[in-house]
Amino acid sequence: MTGPVLSFEGKTALVVGGSSGIGRAIARGFRDAGAATHVWGTRARVEDYEKPDELDGIDYVQVDVTDAGKVRAEAARLRLDILILCQGTVRYDRQEFDVETFRHVVDVNLNSMMACAQTFYPQLAKSAGAIVTVSSTAAYHATRGNPAYNASKCGVVGLTRTLGQAWANKGVRVNGIAPGYVATKLTEVTTAHPDRLAAAVASIPLGRMGEPEEMAGAALFLASPLASFMVGQTLIIDGGMTL
Ligand SMILES: NC(=O)c1ccc[n+]([C@@H]2O[C@H](COP(=O)([O-])OP(=O)(O)OC[C@H]3O[C@@H](n4cnc5c(N)ncnc54)[C@H](OP(=O)(O)O)[C@@H]3O)[C@@H](O)[C@H]2O)c1
């Protein structure tokens, strides 16, 4: 994108999981469109990330979303119009078949989304705000080695529908995006291996991976007045992979 196509001047946005990958592109999109933009990630300081200058003009705070007390304390400092829930993790090599690991992944990917949404709900109701969740195309097919990732992402799609229905008449619109393959640190297990990368790309009708900015465009749309009659929907953005 060259320059903002939407304006969020006067709005405040928080991207949970905005420190890297898709969330970082979403945060940059809101910043470039004029929003006062905040990001939460797991590291102590923004300088602990690669290319911290990409987050220039964005307020960074360390918040592990499994720490409910920290989520509440940091939420109390903000007055949001837009909440993007982009946090996510995965464990490979069949680790998710271990019940403790399963619990952790579901805690980060699903339970923390409900905790954040509920924590920010009163301020979003006051601002007639919007929530955008980030699930995955994994919610629409099996993922042999990743039961926790799969179950949590299915849960996010359901949570998005249900909060969308529950809060629509309270002034809070809830929708989501379900990305397909995007090169980030989460997908290095695929992108760092040429044979796996080729197999992934071969499954995508557009013939390439998605860019984080292409996920950002849809998130900005859903948070904007252009989507004012959309509630509880999850947009699949996967270059046609799930077709
Ligand atoms: N990449 C893909 O192909 C793809 C496809 C479908 C869905 N998704 C989803 O897109 C979202 C973003 O993932 P990504 O691909 O951009 O990967 P990423 O670069 O690893 O981003 C994940 C984000 O979640 C944050 N996070 C992880 N655990 C956290 C915790 N306990 N507390 C707070 N924040 C936490 C990370 O913080 P740190 O940077 O500090 O680790 C990071 O900001 C995830 O929900 C993922 O499941 C990605």
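Keep in mind it's a predicted model, so treat the numbers as computed, not measured.

Draft legend 1. Just the packing of helix 3 (residues 99–127) against helix 4 (residues 147–167), in detail. Interaxial distance between helix 3 and helix 4 falls to 8 Å at its minimum, and their mutual angle equals 15°. Relative to helix 4, helix 3 is oriented roughly parallel. Seen from above, helix 3 lies across helix 4 with right-handed handedness. Residue-level inspection shows Thr101, Phe102, Val105, Val106, Asn109, Leu110, Met113, Met114, Ala117 and Tyr121 of helix 3 in contact with helix 4, the latter providing Pro147, Ala148, Tyr149, Ala151, Ser152, Lys153, Gly155, Val156, Leu159, Leu163 and Trp167.

Draft legend 2. Up close: the site of the ligand. Near the ligand there are 28 residues, and of these Gly17, Gly21, Thr42, Gly88 and Thr184 occur at the shortest range. Put simply, the parts of the chain that give the shell around the ligand at least two residues each are helix 1 (21–32) and strand 2 (36–41). Looking at which element gives the most residues to the shell around the ligand, the answer is helix 1, with three residues. Residues that form the shell around the ligand fall into these classes: ten nonpolar, 15 polar and three charged.

Draft legend 3. Summary view of the nonpolar core. Of all hydrophobic cores here, the largest spans 64 residues; its most connected members are Ile26, Leu83, Ile84, Leu85 and Ala219. Broken down by element, the residue count for this core peaks at eight residues, all from helix 3. Those residues in contact with isoleucine 26 that sit more than four places away from it in its chain are Val15, Gly18, Ile84, Cys86, Met215, Ala216 and Ala219.

Draft legend 4. The pairing of strand 6 (residues 173–179), seen in detail. Among the seven residues that make up strand 6, seven are buried, leaving the element largely enclosed by the rest of the structure. As defined by bridge partners, strand 5 (residues 130–134) adjoins strand 6 across five bridges and the pair is classed as parallel. In the sheet register, alanine 130 faces strand 6, and the bridge partner there is arginine 173. The pairing of strand 6 with strand 7 (residues 234–237) spans four bridges and is classified as parallel. Each bridged residue has a counterpart across the sheet, and for alanine 178 the counterpart in strand 7 is isoleucine 236.

Draft legend 5. Summary view of the sheet that holds strand 1 (residues 12–16). Reading across the sheet, the seven strands line up as 3-2-1-4-5-6-7 and stay open at both edges, with parallel pairing between neighbours. Each edge of the open sheet carries a strand with a single partner, namely strand 3 (59–62) and strand 7. Recorded for the sheet is a direction-independent mean angle of 15° between the axes of neighbouring strands. Note that strand 1 and strand 4 (residues 82–85) share four bridges and pair parallel. Paired with alanine 13 across the strands is isoleucine 82, a residue of strand 4. Each of strand 5, strand 6 and strand 7 touches helix 4; the most contacted strand, strand 6, lies at about 160° to it.

Conventions adopted
Residues numbered from 1 in each chain as written. Predicted model: local features only at pLDDT ≥ 70, side-chain atom pairs only at ≥ 80, totals over all residues. Axes fitted to C-alpha atoms, helices over the stretch in contact; angles between N-to-C directions. Helix = DSSP H or I, 4+ residues; strand = E, 2+ residues; numbered from the N terminus. Parallel < 35°, antiparallel > 145°, perpendicular 65-115°, else oblique. Left-handed = near helix turned anticlockwise from the far one by under 90°. Contact = placed C-beta atoms within 7 Å. Near = placed C-beta within 6 Å. Nonpolar A, V, L, I, M, F, W, Y, C, P; charged D, E, K, R; others polar. Core = buried A, V, L, I, M, F, W, Y, C linked by C-beta atoms within 7 Å. Buried ≥ 20, exposed ≤ 12 C-beta atoms within 10 Å, placed from the backbone. Pairing = 2+ DSSP bridges.

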